[in-house]
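# Summary of structural features
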Amino acid sequence: MNIPSLKDVVNADEWQTRIDLAACYRLVAMYGWSDLVFTHISARVPGPEHHFLINPYGLMFDEITASSLVKVDQQCNKVIDSPFPVNPAGFVIHSAVHQARADAQCVIHTHTRAGVAVSAQKCGVLPISQQSTFVLASLAYHGYEGVAFRDDEKPRLQADLGQATFMVLRNHGLLVASRSIPDAFLSMYTFEAACQIQLAAQAGGELIEVDPRIVQGVGEAMRVQTGGMGGAFAWPALMRKLDKLDPGYAA
């Protein structure tokens, strides 16, 4: 594909957001969380306009570049012309979160096998691993209403999410809403790991649950673990990994 570079078209802050978001798409593909072309990661563009970037519908995640990302407003109008469409279902979910949560700079939604499997379990996420304690400290649930292309679902999704970082979309998958792209990636990494561990543990013997008091104090534990940096602590290492294995994202 011959996609013209937008590096000299957008300002420096937007270009950096585009690079980080394209890198996030490539990392999601690398870690096996993509679902062909059918899930989404969005990031708010710096500035007062409340525009956000989302994937060009039809491209695999390992094809996405900084310049191919589609910039849209809250009504799904393209702000910069693009030959690619935007998935209506992806727009409904992500625009709902960005509309309700000014703090949510990045939203990741996945349909992984482990995530969908746990979303279909009545018990939801169980407190049986260190990873799950981080999730349970800020977890919400949203009931399945079919493919999410109807605007009337937005208020219910927004109400269910509240101020949570993690959300289980019942019978559908996982969602994280975070203050930055690095934070969102680390949150989804932890969320996905918690679900994979849960399914593996359920295949064995009796489960041991974590003391609820530990879950209550997990926010401070996470801050200590990352030196107060959150996802930014791991992001430089992830970028070095990506630059070695799949550097085309920055075009």
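Below or above, wherever it landed, is the structure these notes cover. (Residues numbered from 1 in each chain as written. Predicted model: local features only at pLDDT ≥ 70, side-chain atom pairs only at ≥ 80, totals over all residues. Heavy atoms only, no water.)

### Some points on the packing of helix α1 (residues 12–30) against helix α9 (residues 235–245)
Rules: To obtain each axis, a line is fitted to C-alpha atoms, and for helices this fit is confined to the stretch in contact; angles are then taken between N-to-C directions over 0 to 180 degrees. For the purposes of this entry, the term helix denotes a DSSP run of H or I that reaches at least four residues, the term strand denotes a run of E that reaches at least two, and both are numbered from the N terminus. When describing relative orientation, an angle under 35 degrees is termed roughly parallel and one over 145 degrees roughly antiparallel, while 65 to 115 degrees is termed roughly perpendicular and anything else oblique. Two residues qualify as a contact provided that any one of their heavy atoms is within 4.5 Å of a heavy atom in the partner residue.
Where α1 contacts α9, the two axes come as close as 11 Å, and the packing angle between them is 75 degrees. The angle between α1 and α9 places the two elements in the roughly perpendicular class. Here D20, A23, C24, R26, L27 and M30 of α1 lie close against α9, whose contacting residues are W235, L238, M239, K241, L242 and L245.

### Some words on the packing of aromatic side chains
Where we set the bar: Here a pair means two rings of Phe, Tyr or Trp (six-membered ring of Trp) with centres within 6.5 Å. Their orientation is stacked below 30 degrees between planes, edge-to-face above 60, and tilted elsewhere. Any residue under 20% of the maximum accessible area for its type is buried, any over 50% is exposed, and the rest in between are partly exposed; the area is computed with a 1.4 Å probe on protein chains only.
Within the structure shown, the criterion is met by ten aromatic pairs. Relative to Y189, the ring of W33 has its centre 6.3 Å away and its plane inclined at 55 degrees; by these criteria the two rings are tilted. Remark: Y189 occurs in helix α6 (residues 181–202) and W33 occurs in the loop between α1 and β1 (40–44); sequence separation between them is 156 residues. On the accessibility criterion, W33 (4% relative accessible area) is buried. Between F166 and F191, the aromatic rings sit 5.2 Å apart at their centres with planes inclined by 80 degrees, giving edge-to-face as the arrangement. With F166 in strand β6 (residues 166–169) and F191 in helix α6, this residue pair connects regions lying 25 residues apart in the sequence. The class of F166 is buried, set by a relative accessible area of 6%. Pairwise contacts between aromatic rings join Y31, W33, F185, Y189 and W235 into one cluster.

### Comments concerning the environment of N171
Along the chain, N171 falls in the loop between β6 and β7 (173–178). Once the C-alpha coordinates of N171 and G47 are considered, the two residues, 124 residues apart in sequence, prove to be 35 Å apart. Among residues more than four places away in sequence, those in contact with N171 are S119, A120 and Y144.

### Concerning unusual backbone geometry
Phi at C76 is positive, roughly 70 degrees, even though this residue is not glycine. Checked against the element boundaries, C76 lands in the loop between β3 (70–72) and α2 (88–100). Accessibility expressed as a relative area gives 26% for C76, which makes it partly exposed. In this model, N171 sits at a positive phi of 60 degrees, which is unusual for a non-glycine residue. On the basis of relative accessible area, N171 is assigned to the partly exposed category, the value being 46%.

### A look at the pairing of β7
For clarity, the threshold we go by: When DSSP locates at least two bridges between a pair of strands, those strands are taken to pair.
Counted residue by residue, β7 has six buried out of six residues, so it is predominantly covered. Two strands pair when backbone bridges link them, and strand β4 (residues 106–110) and β7 are joined in this way by five bridges, in the antiparallel orientation. For H109, the partnering residue across the bridge sits in β7 and is L175. Where β6 and β7 come together, four bridges link them in antiparallel fashion.

### Considerations on the side chain of Q121
Here Q121 lies in the loop between α3 (113–119) and α4 (130–136). Owing to a relative accessible area of 19%, Q121 belongs among the buried residues under this scheme. Apart from the residues lying within four places of it in its own chain, the contact partners of Q121 are R170, Q198, L199 and Q202.

### Overview of the pattern of salt bridges
Heads up, the condition is: The working definition used for a salt bridge is a side-chain nitrogen of Lys or Arg within 4 Å of a carboxyl oxygen of Asp or Glu.
Enumeration according to the criterion identifies eleven salt bridges in this entry. Across the pair E14 and R18 runs a salt bridge whose closest N-O atoms are separated by 3.0 Å. One end of the pair is E14 and the other is R18, both in helix α1 and four residues apart, which spans about a single turn. Residues joined by salt bridges that share partners form a network here, namely E145, R150, D152 and R156.

### Looking at the sheet that holds β4
As a general point, the strands of a sheet are linked pairwise by backbone hydrogen bonds and lie either parallel or antiparallel. The seven strands lie next to each other as β3-β2-β1-β4-β7-β6-β5, forming an open sheet whose pairing is mixed. Looking at the sheet topology across the chains shown, the edges are occupied by β3 and β5 (139–142). When strand polarity is set aside, the average angle formed by the axes of neighbouring strands in this sheet is 20 degrees. Sheet analysis places β1 next to strand β2 (residues 52–54), joined by two bridges and oriented antiparallel. When the sheet's bridge partners are listed, R44 is paired in β2 with F52. Across the sheet, α1 is in contact with β1, β2, β3 and β4; its angle to β1 comes to roughly 160 degrees.

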